[in-house]
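Examination of the molecular architecture
The lines below spell out each chain.
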Amino acid sequence: MAAAAGTAATPGPGEPQAAAGALSRTPGPQTPRTPGGSSGALTPPSTPSAPLTPTAEESQRELPSAHSGPAMSRRVVRQSKFRHVFGQAAKADQSYEDIRVSKVTWDSSFCAVNPKFLAIIVEAGGGGAFIVLPLAKTGRVDKNYPLVTGHTAPVLDIDWCPHNDNVIASASDDTTVMVWQIPDYTPMRNITEPIITLEGHSKRVGILCWHPTARNVLLSAGGDNVIIIWNVGTGEVLLSLDDMHPDVIHSVCWNSNGSLLATTCKDKTLRIIDPRKGQVVAERFAAHEGMRPMRAVFTRQGHIFTTGFTRMSQRELGLWDPNNFEEPVALQEMDTSNGVLLPFYDPDSSIVYLCGKGDSSIRYFEITDEPPFVHYLNTFSSKEPQRGMGFMPKRGLEVNKCEIARFYKLHERKCEPIVMTVPRKSDLFQDDLYPDTPGPEPALEADEWLSGQDADPVLISLRDGYVPPKHRELRVTKRNILDARPPSGPRRSQSASDAPLSQQHTLETLLEEIKALREQVQAQEQRITALENMLCELVDGTD
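Residues numbered from 1 in each chain as written. Predicted model: local features only at pLDDT ≥ 70, side-chain atom pairs only at ≥ 80, totals over all residues. Heavy atoms only, no water.

Moving on to the pattern of salt bridges. Throughout the structure, instances matching the rule amount to 19 salt bridges. Taking the shortest distance from any N to any O, the salt bridge between Asp359 and Arg315 comes out at 2.7 Å. Placement of the pair is Asp359 in the loop between strand 26 (351-356) and strand 27 (361-367) and Arg315 in strand 23 (residues 315-320), with a sequence separation of 44 residues. In terms of burial, Asp359 and Arg315 fall into one category: buried. Residue Arg424 pairs with Asp432 through a salt bridge whose shortest N-O separation is 2.8 Å. (Salt bridge = Lys/Arg side-chain N within 4 Å of Asp/Glu carboxyl O. Helix = DSSP H or I, 4+ residues; strand = E, 2+ residues; numbered from the N terminus. Buried < 20%, exposed > 50% of the residue type's maximum accessible area, 1.4 Å probe, protein only.)

This is how it looks when you write it as structure tokens:
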């Protein structure tokens with residue numbers, strides 16, 4: 001059983017040692033590995049990177065003195081409330097069974113989750129599809145359960161809107177991006193009509209990422225090496241970055257307020273981009289020397305956390321300061337597995353979870369401001385390899401159980417929740433574990449962001465738990481073409497739902513009412529039959 005197999009494992013030979021509590025490799029003179037001795041950084045060095053080994057003062061503090069007794073001879077352990085975080089797989093009845101997870105060869109997570117729904121890319125004949133399940137609908141999924149279909153080629157990536165839990169975007173091999181409105185009730189048939197179809201890429205679209213603070217702003221990146229930023233509310237192209245990447249884009253990530261992008265590319269270059277100015281702020285060539293795909297995410301401190309491969313195909317992680325790309329803040333080799341490490345970063349706890357496709361484990365590290373900056377915590381291991389992974393936003397966790405992260409691990413035919421918990425004796429709300437976290441309300445409108453405004457996410461408290469807001473429709477406003485300015489990028493598609501949203505909603509409501517009436521009629525027929533049988537028995541008894 002996967003639930004019984006999930007344990008917090010000790011690190012193997014290729015993993016950082018938990019006893020050290022941190023990454024211990026010291027970057028020597030050979031660390032800035034760039035061809036011809038160049039650093040590959042556009043920005044001038046500000047402050048030198050701190051060493052990853054303890055300083056002399058720290059060594060004196062950790063090593064016992066000649067006069068210390070047995071009590072003083074122990075190594076000083078780093079203080080952290082996350083040192084004992086452990087992972088646990090959910091019970092079998094809390095998993096989602098009989099789901100045909102997609103077999104497409106693409107390095108995306110194949111799963112997206114929010115406090116209301118779980119979405120998984122699945123196998124579908126004659127096009128691409130994904131399934132959307134309410135979180136409470138655990139157990140075996142009916143083989144005829146309605147899917148979200150509409151793409152003419154396999155779906156490669158999906159992403160829930162952070163400001164509307166009923167809106168999800170999908171990217172496909174058919175070069176389009178579609179935005180869907182998911183009803184709170186279970187539909188009677190497949191959802192085939194998106195709210196809007198966004199066409200602007202000339203090759204397949206494999207990366208989607210919603211803006212963290214601006215309403216209806218969606219980023220897409222395709223095999224045509226182009227990044228397009230859309231206003232989903234109008235279907236317009238806000239920005240098109242088409243001359244910054246000479247090769248295939250591997251990953252794109254917004255920073256916390258959505259003012260900068262971190263991208264990785266097949267040319268082995270890590271770039272920091274200001275999308276509104278259309279320029280590369282800083283870049284680093286060969287952050288990881290291997291040719292395999294690299295991933296990058298912004299941290300709470302403004303650093304860049306990356307995963308990649310060495311020249312010898314060993315997996316590697318790194319921490320970089322965008323103001324000084326000369327050498328890494330931290331760099332550590334992991335193991336020799338082939339799977340790309342997908343980083344999931346939690347800014348509230350500053351913990352990064354590394355999930356490799358094909359791996360059967362989740363490693364997690366804490367990033368701090370103290371040397372050596374990236375501290376190994378533990379590893380969750382199970383028997384079955386993972387084909388994808390979904391990461392629940394903080395507002396969807398159970399705070400009364402000290403749950404700080406929840407993953408949705410994709411197997412070949414099922415999805416299994418994995419809960420990360422901080423052991424605490426008290427069942428009261430833990431303020432130190434749950435600082436205010438980004439909520440569903442946007443801080444800016446799309447036009448405000450485009451004009452140059454920046455705003456931090458609107459935070460909410462989880463003290464009383466999070467209650468999802470009521471269903472909100474995403475309305476697409478079609479502007480008068482004569483009033484619109486000349487397009488700044490590829491022309492969008494005008495294809496959208498043929499019927500107005502209100503008519504669609506009315507139709508689905510009528511179908512639900514018909515279904516309920518049928519069930520009521522069947523129940524009354526059964527009751528009438530039972531009463532007739534009782535009456536016959538009474539009549540026979542009197543005769």
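This is not the end of the story, as more comes after the structure.
Two orientations exist for strands paired in a sheet by backbone hydrogen bonds: parallel and antiparallel. Pairing within the open sheet is antiparallel, and its 4 strands lie in the order 17-18-19-20. Of all strands in the sheet, those bounded by a partner on one side alone are strand 17 (249-254) and strand 20 (279-285). Here the average twist between neighbouring strands, direction ignored, is 20°. Two strands pair when backbone bridges link them, and strand 19 (residues 269-274) and strand 20 are joined in this way by 6 bridges, in the antiparallel orientation. Pairing of Arg271 across the sheet is with Glu283, part of strand 20. (Pairing = 2+ DSSP bridges. Axes fitted to C-alpha atoms, helices over the stretch in contact; angles between N-to-C directions.)

What follows is about the pairing of strand 26. Within strand 26, 6 of the 6 residues are buried, which leaves the element mostly enclosed by the surrounding structure. Alternating positions in strand 26 separate into two faces, Ile351, Tyr353 and Cys355 on one and Val352, Leu354 and Gly356 on the other, with burial throughout. As defined by bridge partners, strand 25 (residues 341-346) adjoins strand 26 across 6 bridges and the pair is classed as antiparallel. What sits directly across from Asp346, in strand 26, is Ile351. Both strand 26 and strand 27 contribute to a ladder of 5 bridges, which runs antiparallel. By the bridge assignment, Val352 is partnered in strand 27 with Phe365.

The residue Ser102 is located in the loop between strand 3 (96-97) and strand 4 (111-113) in this model. Those residues in contact with Ser102 that lie beyond four places of it in its chain are Phe110, Ile121, Val122, Glu123 and Arg387. (Contact = heavy atoms within 4.5 Å.)

You can see His163 is positioned in the loop between strand 9 (155-160) and strand 10 (167-172). The exposure class assigned to His163 is buried, which follows from its relative accessible area of 5%. Along the backbone, His163 and Ala214 are 51 residues apart, and their C-alpha atoms lie at a distance of 8.7 Å. In terms of polar contacts, His163 uses its side chain to reach the backbone carbonyl oxygen of Pro212, at 3.2 Å. (Polar contact = N/O pair within 3.5 Å; in protein donor to acceptor, adjacent residues only side chain to side chain.)

This brings us to the packing of aromatic side chains. Applying the stated rule across the entire model yields 13 aromatic pairs. An angle of 80° between the planes, with centres 5.8 Å apart, marks the rings of Phe344 and Phe407 as edge-to-face. With Phe344 in strand 25 and Phe407 in strand 30 (residues 403-410), this residue pair connects regions lying 63 residues apart in the sequence. Using a relative accessible area of 13% as the deciding quantity, one classes Phe344 as buried. A relative accessible area of 0% places Phe407 in the buried class. Here the aromatic residues Phe344, Tyr353, Tyr364, Phe391 and Phe407 are joined through ring pairs into a cluster of three or more. Stacked on the ring of Phe110, the Lys or Arg Lys357 has its end atom at 3.7 Å from the ring centre. (Phe/Tyr/Trp six-rings, centres within 6.5 Å; stacked < 30°, edge-to-face > 60°. Lys NZ or Arg CZ within 6 Å of the ring centre and 35° of its normal.)

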